[in-house]
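# Descriptive structure summary
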Amino acid sequence: MSDRLFSLRLFSRVARLRSFSVAGRELGLSQPSSSRIISGLEKEVGVTLLTRTTRGVTLTEAGRDYLERIEPILVALEEADHAARGTGELRGILRIAVSTPIAVRELAPRLPAFMDRHPALRVSLQMSDQRQDLVNESIDVGLRFGALTDSNAVAQPLGQSRRLLVASPAYLAKAGTPESPGELASHSLIVGPSGVTPAGWSFQRNGRTTSIRAEGRLTATVNEGATAAAVAGLGIMSTLEWGCRAELASGALTEVMVDWKMETIAIHAVFPAGRAAKPSARAFVEYFRTALGA
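Residues numbered from 1 in each chain as written. Predicted model: local features only at pLDDT ≥ 70, side-chain atom pairs only at ≥ 80, totals over all residues. Heavy atoms only, no water.

### Description of the overall build of the chain
- Along the chain, the regular secondary structure elements total ten helices and 13 strands.
- Viewed in the frame of its principal axes, the chain has a C-alpha envelope of about 70 × 45 × 35 Å.
- Per-residue burial for the chain yields a buried fraction of 44% across its 294 residues.
- Considering only residue pairs separated by 6 or more positions, the chain has 75% of its internal contacts joining residues 24 or more positions apart.
- Of the accessible surface of the chain, which amounts to about 14800 Å², a share of 52% is contributed by carbon and sulfur atoms.
- Treating the 34 positive side-chain charges of the chain as one cloud and the 29 negative ones as another, the clouds have centres 2 Å apart. (Helix = DSSP H or I, 4+ residues; strand = E, 2+ residues; numbered from the N terminus. Buried < 20%, exposed > 50% of the residue type's maximum accessible area, 1.4 Å probe, protein only. Contact = heavy atoms within 4.5 Å. Areas by Shrake-Rupley, 256 points an atom, 1.4 Å probe, with all protein chains shown as cover. Lys, Arg positive; Asp, Glu negative; His and termini not counted. Charge placed at Lys NZ, Arg CZ, Asp CG, Glu CD.)

Take a look at the structure:
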């Protein structure tokens, strides 16, 4: 039974990662060993679950149905093991999807206490400034800012962060300090992922809303790159306060147009739709919410 359970867990990881070698490394196996175990599982089940090509691994129709049926069972078994231990000890791998700035600035500094509390737990930070697919990428919990697009996902609020404009003192000394949205047209703008919105940059003051189209002289595909560019004096950036709190505290960046308020963005912990949240994911969310003071 133990061998069968391990083969099911391996199959789940191979299917989600679409790679025998990557899934094998995660579970301490070589690529040939991973392939051999899955072949044994297919023989036992009596059907081909995965299609192997030189470009990777994909699920067959039978494999897709099998995966959907076994993953809730694997989560339920983990829940049962956790309850049976009765000690609150967490084991296995916890996969957290998180943007790079939040991982580096807010999450990593708070992780030691959580991991010390659960020494048998392994944490995998899936860091990207693009929104990950929680189900297909086999994520246990995601930290997301802004509107939630998956109406079926289970979400828990963690806090809020205001959007603001920042620039380096050196840039402002050279180019001047804008006092209103209209003046931004004459400034160099830096646009990272967190500064890209369909309506442009919107500002409120005295009950009035003003929006501008933000065309960056410099654009960056990751927020940390945009922040570094702003510190270097390349222009004015729109970002979340969580993404530049350290630079504001040190004086490397200065908030501009403080009388014009931008939107406040909510952050949620999001669990994948269609399956129960793992005990480690629930424990992490509760810990992180408390650590943030939410």
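### Section: helix H8 (residues 223-231)
- Looking at H8, one finds that the buried residues are Asn223, Ala226, Thr227, Ala229 and Ala230. What you see down the axis of H8 is that its buried residues fit within an arc of 160 degrees, all on one side.
- Looking one or two residues beyond H8, the residue adopting positive phi is glycine 233, at roughly 90 degrees. (Arc of directions from axis to C-beta.)

### Examining the pattern of salt bridges
- Enumeration according to the criterion identifies 17 salt bridges in this entry.
- Across the pair arginine 13 and glutamate 26 runs a salt bridge, and its minimum N-O distance is 2.5 Å. Taken together, the positions of arginine 13 in helix H1 (residues 2-17) and glutamate 26 in helix H2 (residues 20-26) put the pair 13 residues apart, joining distant regions of the chain. In this structure, arginine 13 and glutamate 26 share a single accessibility class: buried.
- Between glutamate 224 and arginine 105 there is a salt bridge; the shortest N-O distance is 2.9 Å. Of this pair, glutamate 224 sits in helix H8 while arginine 105 sits in helix H5 (residues 100-107), placing them 119 residues apart in sequence. (Salt bridge = Lys/Arg side-chain N within 4 Å of Asp/Glu carboxyl O.)

### So, the pairing of strand E3 (residues 92-98)
- Burial analysis of E3 places six of its seven residues in the buried class, which makes it a mostly covered element.
- Strand direction decides the pairing type here: E3 and strand E4 (residues 121-127), joined by seven bridges, are parallel. Each bridged residue has a counterpart across the sheet, and for alanine 97 the counterpart in E4 is glutamine 126. (Pairing = 2+ DSSP bridges.)

### Structural notes on the packing of helix H4 (residues 61-85) against helix H10 (residues 279-292)
- In contact at an axis separation of 9 Å, H4 and H10 are set at 70 degrees when each is read in the N-to-C sense. Judged by the angle between their axes, H4 and H10 are roughly perpendicular. Residue-level contacts link Glu78, Glu79 and His82 of H4 to Pro279, Ser280 and Arg282 of H10.
- Of the residues belonging to the contact of H4 with H10, the class tally is one nonpolar, two polar and three charged. (Axes fitted to C-alpha atoms, helices over the stretch in contact; angles between N-to-C directions. Parallel < 35°, antiparallel > 145°, perpendicular 65-115°, else oblique. Nonpolar A, V, L, I, M, F, W, Y, C, P; charged D, E, K, R; others polar.)

### As for helix H3 (residues 31-45)
- With 15 residues, H3 ought to run about 21 Å at 1.5 Å a step, and its terminal C-alpha atoms sit 21 Å apart, in line with that.
- Taken together, the buried positions of H3 are occupied by Ser33, Ser34, Ile38, Leu41 and Glu42. (Expected span 1.5 Å × (residues − 1).)

### Some words on the pairing of strand E9 (residues 208-212)
- Bridging between strand E8 (residues 201-205) and E9 involves five bridges; their strand directions are antiparallel. The residue of E9 that forms the bridge with arginine 205 is arginine 208.

### Quick word on the packing of H5 against H8
- Relative orientation of the contacting elements H5 and H8 amounts to 75 degrees, with a least axis distance of 7 Å. If you check the angle between H5 and H8, you find them roughly perpendicular. Mapping the contact onto sequence places Thr100, Pro101 and Arg105 in H5 and Asn223, Glu224 and Thr227 in H8.
- Looking at the contact of H5 with H8, its residues break down into one nonpolar, three polar and two charged.

### Here's the deal with unusual backbone geometry
- We note that asparagine 206 has phi near 55 degrees; this positive angle belongs to a residue other than glycine.
- Position of asparagine 206 relative to the elements: it lies in the loop between E8 and E9.
- Classification of asparagine 206 as exposed rests on a relative accessible area of 77%.

### Digging into the nonpolar core
- The biggest cluster of nonpolar side chains holds 27 residues, and the ones touching the most others in it are Leu94, Leu107, Phe114, Val141, Leu143, Leu158 and Phe284.
- It is H10 that contributes the most residues to this core, six residues altogether.
- Setting aside its immediate chain neighbours within four residues, phenylalanine 114 contacts Leu90, Leu94, Leu121, Ser280, Ala283, Phe284 and Tyr287.
- Leu8, Phe11, Val14 and Leu41 belong to the second largest nonpolar core, which has 17 residues in total. (Core = buried A, V, L, I, M, F, W, Y, C linked by side-chain atoms within 4.5 Å.)

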